[in-house]
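The chain contents come next:
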Amino acid sequence: MPDQRDTVLIEQAKIQRMRLGAALVYGHIGERRTVNDHMKRLMGSVVVAAIACAACVGVSFVSQLLTERAQQAATTSTVQTPTGAVTP
């Protein structure tokens, strides 16, 4: 009988230490996050990253397009006259 009480006491202390360790690492049970919460955060982060990438690509495309049009306008606005005109 005394061996059983000692074993039960040791197991209770072991369980208490495990619970305290889990509370220290993961916080209170009510504050712990579930896998579903983490998946929502992951998907939200992926969506935000995709939107940011699309915005960067769009801004880059528009700025390149405007630069090319400005260069084309600059080359067409300057009229070049022939320097070696031949007169009969």
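Our structure is the block above this text.
Below: a short report on this structure.

Thresholds applied
- Residues numbered from 1 in each chain as written.
- Predicted model: local features only at pLDDT ≥ 70, side-chain atom pairs only at ≥ 80, totals over all residues.
- Heavy atoms only, no water.
- Helix = DSSP H or I, 4+ residues; strand = E, 2+ residues; numbered from the N terminus.
- Buried < 20%, exposed > 50% of the residue type's maximum accessible area, 1.4 Å probe, protein only.
- Areas by Shrake-Rupley, 256 points an atom, 1.4 Å probe, with all protein chains shown as cover.
- Patch = residues over 30% accessible without salt bridge, like charges linked within 9 Å, V, L, I, M, F, W, Y side chains within 5 Å.
- Salt bridge = Lys/Arg side-chain N within 4 Å of Asp/Glu carboxyl O.
- Disulfide = S-S within 2.5 Å.

Our next topic: the overall build of the protein. Counting its secondary structure elements, the protein contains two helices and zero strands. Relative to its 88 residues, the protein shows a buried fraction of 1%. Summed over all atoms, the accessible surface of the protein reaches about 8400 Å², with 65% contributed by carbon and sulfur.

What follows is about a nonpolar patch on the surface. A cluster of nonpolar residues, Phe 61, Val 62, Leu 65 and Leu 66, forms a patch on the protein surface that exposes about 370 Å² of accessible area. Relative to the helices and strands, Val 62 resides in helix 2 (residues 35-77). Taking the relative accessible area as the measure of exposure, Val 62 reaches 44% and is therefore partly exposed.

The next thing to look at is the state of the cysteines. One pass over the structure, following the stated rule, counts zero disulfides. Free of any disulfide, Cys 53 has its nearest neighbouring cysteine sulfur in Cys 56, separated by 6.5 Å.

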